[in-house]
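Chain by chain, the residues:
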Amino acid sequence: MLLLLGPLAQGQNTDGFQKEVDAISQRYDSLWDSTKETIVFTGSSSVRIWKDLDRRFPEKQLVNSGFGGSQASDLLRHCETLILRFKPKKVFIYEGDNDIAAGKKSGEIIENTVAIIEKIRQQDPATKIVLIAAKPSIARWELKRGYKKLNRKFKRLSKKDALITYADVWTPMLEGRKVKQTIFLEDGLHMNKQGYDIWYSVLKNFVN
């Protein structure tokens, strides 16, 4: 069984994500059916802008509570609104991308991730969790060592608990030793349809 750490200090009282989190909550007030089994996808903008996520899995009730620019500490802070209120049977988490870009160490990211898992497990010990690997990108390719180190730690974390799975989206986004150039928007960071086709090919097995 995974040894879970207590929540980390939450930092400043001001929260630039509150309006976006409130908007997500209000949107699902009408969309979410509490009588149906729910899968939550959450994390930073790579989840938030996956516009056709629910259409790719029409037989499932999916909640997309991604919020752009977020880090693992932000998701921890808003865990109740973005994850727990939906009483999910499965949670897909994508955090770490912005953390590494902001200069955070992989150990701190893992600690926040474990604290998120602890909160989820306090509500329902049987909830399955999928940790989506930090993705490579053109814009942040110079940080690849940090991302690869974080992904190794995500993978190790998943091996400590049978209900945690690591989803490797990093490898199929590469072409040889470089990141694929045709799967991103003009900013070189966010993915186009081809990029999300890769994510779908990896994550569909975990959803189904």
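Residues numbered from 1 in each chain as written. Predicted model: local features only at pLDDT ≥ 70, side-chain atom pairs only at ≥ 80, totals over all residues. Heavy atoms only, no water.

Positive charge collects at one region of the surface, where Lys105, Lys144, Arg145, Lys148, Lys149, Arg152, Arg156, Lys160, Arg177 and Lys178 lie side by side. Structurally, arginine 177 is set in the loop between β6 (174-175) and β7 (178-179). A relative accessible area of 78% places arginine 177 in the exposed class. (Patch = residues over 30% accessible without salt bridge, like charges linked within 9 Å, V, L, I, M, F, W, Y side chains within 5 Å. Areas by Shrake-Rupley, 256 points an atom, 1.4 Å probe, with all protein chains shown as cover. Salt bridge = Lys/Arg side-chain N within 4 Å of Asp/Glu carboxyl O. Lys, Arg positive; Asp, Glu negative; His and termini not counted. Charge placed at Lys NZ, Arg CZ, Asp CG, Glu CD. Helix = DSSP H or I, 4+ residues; strand = E, 2+ residues; numbered from the N terminus. Buried < 20%, exposed > 50% of the residue type's maximum accessible area, 1.4 Å probe, protein only.)

Below, the discussion takes up the packing of helix α7 (residues 106-123) against helix α8 (residues 144-158). Contact pair α7 / α8: the axes reach a minimum separation of 10 Å and the direction vectors enclose 35°. Of the two possible hands of crossing, α7 and α8 adopt the one that is right-handed. Counting all contacts with α7, which are made through Ser106, Gly107, Ile109, Ile110, Thr113, Val114 and Ile117, the residues of α8 involved are Lys149, Leu150, Lys153, Phe154 and Leu157. In the contact of α7 with α8, the residues fall into seven nonpolar, three polar and two charged. (Axes fitted to C-alpha atoms, helices over the stretch in contact; angles between N-to-C directions. Left-handed = near helix turned anticlockwise from the far one by under 90°. Contact = heavy atoms within 4.5 Å. Nonpolar A, V, L, I, M, F, W, Y, C, P; charged D, E, K, R; others polar.)

Our focus in this paragraph is the side chain of asparagine 98. The residue asparagine 98 is located in helix α6 (residues 97-101) in this model. In this structure the side chain of asparagine 98 is engaged in a polar contact, spanning 3.1 Å, whose partner is the side chain of arginine 140. With near-sequence residues (within four places) excluded, asparagine 98 lies in contact with Ser44, Gly69, Ser70, Gln71 and Arg140. (Polar contact = N/O pair within 3.5 Å; in protein donor to acceptor, adjacent residues only side chain to side chain.)

Our focus in this paragraph is the pairing of strand β5 (residues 164-167). Across four bridges, strand β4 (residues 128-132) lies against β5 in parallel orientation. By the bridge assignment for β5, leucine 131 is matched with tyrosine 166. Regarding topology, α8 serves as the crossover connection from β4 to the parallel β5, and that connection is right-handed. (Pairing = 2+ DSSP bridges. Right-handed = clockwise from strand over helix to strand, strands pointing away.)

This part is about unusual backbone geometry. One non-glycine residue with positive phi stands out, namely lysine 87, at about 45°. Residue class for lysine 87 comes out exposed when judged on its relative accessible area of 58%.

Here five strands make up an open sheet; going across it, the order is β2-β1-β3-β4-β5 and the pairing parallel. Two strands bound the open sheet, and with one partner strand each, they are β2 (61-64) and β5. If you compare each strand with its neighbour and ignore which way they point, the axes differ by 20° on average. Across four bridges, strand β1 (residues 38-43) lies against β2 in parallel orientation.

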